[in-house]
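Listed below are the residues making up each chain.
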Amino acid sequence: MLHEIGHFIAAFIVHAKIIKFRISLFGINMQINTNDLSLNKKLALFFSGPFVNLLIMVYFYNIFYDIAYINIFLSLINLLPIVPLDGGNVLKSVLEQYVKRKYVYRITLTVNIIFLIIVAYYFYLSFNVMYLAISSMALKGILQEKNLILEEKLKNTYRKFI
């Protein structure tokens, strides 16, 4: 929850509009409109959540080691380059500066598929539920990126008829 508060504060600072605020199986999540933000503002927004986890880790390191350990773990997981995690959003934002949008979707889709295969394999070997959770996040990102590719194709097709 404090992770999302970090995003909320950063959204306020960079003047980003919060579109949705929801509670799901994976915790609290915010959907923020980043379309009009500069790369630096996007990066500040996406890194703010993991940064809060690191601050919590530093604060609790000598008091409650378990809380510190959980927060460093959450920070690292959130920095994985898979959409919809913060690391995936950072990857997308950086790629958008150098590559056409349709290729950004394809690259992030490919990264998610690779992570899904690797993490599913580790789940198969260890039956660790954390690998299953990461796999489900990668799968969610695959579906989101696939929808964005389809949406882009429909827009391009529609433009041809106008």
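Residues numbered from 1 in each chain as written. Predicted model: local features only at pLDDT ≥ 70, side-chain atom pairs only at ≥ 80, totals over all residues. Heavy atoms only, no water.

## Some points on the nonpolar core
- Residues Ala-10, Ala-11, Val-14, Ala-16, Met-30, Ile-32, Leu-37 and Leu-45 constitute the largest nonpolar core, which totals eight residues.
- Looking at this core, the elements with two or more residues in it are helix 1 (2-13) and strand 2 (27-33).
- Once residues within four sequence positions are removed from consideration, Leu-45 is found in contact with His-7, Ala-10, Ala-11, Ile-32, Thr-34 and Leu-37. (Core = buried A, V, L, I, M, F, W, Y, C linked by side-chain atoms within 4.5 Å. Buried < 20%, exposed > 50% of the residue type's maximum accessible area, 1.4 Å probe, protein only. Helix = DSSP H or I, 4+ residues; strand = E, 2+ residues; numbered from the N terminus. Contact = heavy atoms within 4.5 Å.)

## Focus on a positive patch on the surface
- A surface patch of like charges, here positive, comprises Lys-100, Lys-102, Arg-106, Lys-146 and Lys-153.
- When contributions to the positive patch are tallied by element, the ones reaching two or more residues are helix 5 (101-126) and helix 6 (129-160).
- Within the secondary structure layout, Lys-100 lies in the loop between helix 4 (86-98) and helix 5.
- Take Lys-100: its relative accessible area is 59%, and that puts it in the exposed class. (Patch = residues over 30% accessible without salt bridge, like charges linked within 9 Å, V, L, I, M, F, W, Y side chains within 5 Å. Areas by Shrake-Rupley, 256 points an atom, 1.4 Å probe, with all protein chains shown as cover. Salt bridge = Lys/Arg side-chain N within 4 Å of Asp/Glu carboxyl O. Lys, Arg positive; Asp, Glu negative; His and termini not counted. Charge placed at Lys NZ, Arg CZ, Asp CG, Glu CD.)

## Focus: the environment of His-15
- Note that His-15 resides in the loop between helix 1 and strand 1 (17-24).
- With a relative accessible area of 70%, His-15 lands in the exposed category.
- Between the C-alpha atoms of His-15 and Lys-41, which are 26 residues apart in sequence, the distance is 9.1 Å.

## Structural notes on helix 2 (residues 39-60)
- When the terminal C-alpha atoms of helix 2 are compared, their 32 Å separation across 22 residues agrees well with the 32 Å that a helix rising 1.5 Å per residue should span.
- Remark: the principal bend of helix 2, roughly 40°, maps to Ser-48, with a proline, Pro-50, within the next four residues.
- Buried within helix 2 we find Lys-42, Leu-43, Leu-45, Phe-46, Ser-48, Gly-49, Pro-50, Val-52, Asn-53, Ile-56 and Met-57. (Expected span 1.5 Å × (residues − 1). Bend = angle between axes of the 7 residues up to and from the residue.)

## A closer look at the packing of helix 4 against helix 5
- It is at 10 Å that the axes of helix 4 and helix 5 come closest, and there the two elements cross at 145°. Relative to helix 5, helix 4 is oriented so that their crossing is right-handed. Together, Leu-91, Lys-92, Leu-95 and Glu-96 of helix 4 and Val-104, Tyr-105, Ile-107, Thr-108 and Val-111 of helix 5 make up the contact between the two elements.
- Tallied by class, residues from the contact of helix 4 with helix 5 come to six nonpolar, one polar and two charged. (Axes fitted to C-alpha atoms, helices over the stretch in contact; angles between N-to-C directions. Left-handed = near helix turned anticlockwise from the far one by under 90°. Nonpolar A, V, L, I, M, F, W, Y, C, P; charged D, E, K, R; others polar.)

## Here's the deal with a nonpolar patch on the surface
- Together, Met-1, Leu-2, Ile-5, Phe-8, Ile-9, Phe-12 and Ile-13 line one region of the surface with nonpolar side chains, adding up to about 790 Å² of accessible area.
- Within the secondary structure layout, Phe-8 lies in helix 1.
- Owing to a relative accessible area of 45%, Phe-8 belongs among the partly exposed residues under this scheme.

## Section: the environment of Asn-78
- For Asn-78, the position within the fold is in helix 3 (residues 65-78).
- As for Asn-78 and Asn-53, which are separated by 25 residues in sequence, their C-alpha atoms are 9.8 Å apart.
- Ignoring sequence-local partners within four residues, the contact set of Asn-78 consists of His-3, Pro-50, Leu-85, Asp-86 and Gly-87.

## Notes on the pattern of salt bridges
- In the structure shown here, the tally under the stated rule is two salt bridges.
- Note that Glu-96 and Lys-42 form a salt bridge whose closest N and O atoms lie 3.2 Å from each other. In this pair, Glu-96 is assigned in helix 4 and Lys-42 in helix 2, connecting sequence segments 54 residues apart.
- Under the relative-accessibility criterion, Lys-42 is labelled buried at 9%.
- For Lys-92, the salt bridge is made with Glu-145, and the minimal N-O distance between the two is 3.0 Å. Of this pair, Lys-92 sits in helix 4 while Glu-145 sits in helix 6, and the two are 53 residues apart along the sequence.

## Observations concerning the packing of helix 1 against helix 2
- Taken N-terminus to C-terminus, the directions of helix 1 and helix 2 make an angle of 140°; their axes are 7 Å apart at the nearest point. It follows from the interaxial angle that helix 1 and helix 2 lie oblique. The hand of the helix 1/helix 2 crossing is right-handed. Touching Leu-2, His-3, Gly-6, His-7, Ala-10 and Ala-11 of helix 1 are Ala-44, Leu-45, Phe-46, Ser-48, Gly-49, Pro-50, Val-52, Asn-53 and Ile-56, all from helix 2.
- For the contact of helix 1 with helix 2, a count of residues per class yields nine nonpolar, six polar and no charged. (Parallel < 35°, antiparallel > 145°, perpendicular 65-115°, else oblique.)

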